[in-house]
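# Chains, contacts and geometry: an overview
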Amino acid sequence: CGSIGMVVDGQHRLGAAHVLSSKGKLRPDLARVLVEVYQPMGEREVRELFTEINKVEPVTLVDLPQDQGGAGEEEAAIITQAEPCA
């Protein structure tokens, strides 16, 4: 882990925000990404945390119907093509 921090989960949300922002298509209401910050931990603890976080499957923007605030076709395509930051 670097001294600044790392993304344990949420790479796709972060990547999607970055792609949308770089194309000038990030809506102001999506410009903030909610994060949860943890104290530094070892690799084993990070793996356990990742597993715990991913035991549930929350509804994502791309899964929501467009009339309920979900992504439109163009946004969904951008989000689907987003790659995690290395």
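Whatever comes next refers back to the structure up there.
Scope of this entry: the structure provided in the associated data block.

Turning our attention to the overall build of the chain. Across its full length, the chain carries three helices and zero strands. For the chain, the residues scored as buried account for 19% of the 86 residues in total. Intrachain contacts of the chain at a sequence separation of at least 6 include 57% that bridge at least 24 residues. Surface summary for the chain: the accessible area is close to 7,100 Å², and the carbon and sulfur share equals 54%.

As a further point, take helix 1 (residues 11-22). If you check helix 1, its first and last C-alpha atoms are 16 Å apart, about what 12 residues at 1.5 Å a residue would give, namely 16 Å. Along helix 1, the residues classified as buried are Gly15, Ala16, Ala17 and Leu20. One or two steps after helix 1, the chain reaches Gly24, where phi turns positive at roughly 70 degrees.

A few words on a nonpolar patch on the surface. Residues Val7, Leu14, Val33, Val35 and Val37 make up a contiguous nonpolar surface patch of roughly 430 Å² in combined accessible area. With respect to the helices and strands, Val35 occurs in the loop between helix 1 and helix 2 (43-53). With relative accessibility at 60%, the residue Val35 sits in the exposed group.

About the criteria used
- Residues numbered from 1 in each chain as written.
- Predicted model: local features only at pLDDT ≥ 70, side-chain atom pairs only at ≥ 80, totals over all residues.
- Heavy atoms only, no water.
- Helix = DSSP H or I, 4+ residues; strand = E, 2+ residues; numbered from the N terminus.
- Buried < 20%, exposed > 50% of the residue type's maximum accessible area, 1.4 Å probe, protein only.
- Contact = heavy atoms within 4.5 Å.
- Areas by Shrake-Rupley, 256 points an atom, 1.4 Å probe, with all protein chains shown as cover.
- Expected span 1.5 Å × (residues − 1).
- Patch = residues over 30% accessible without salt bridge, like charges linked within 9 Å, V, L, I, M, F, W, Y side chains within 5 Å.
- Salt bridge = Lys/Arg side-chain N within 4 Å of Asp/Glu carboxyl O.

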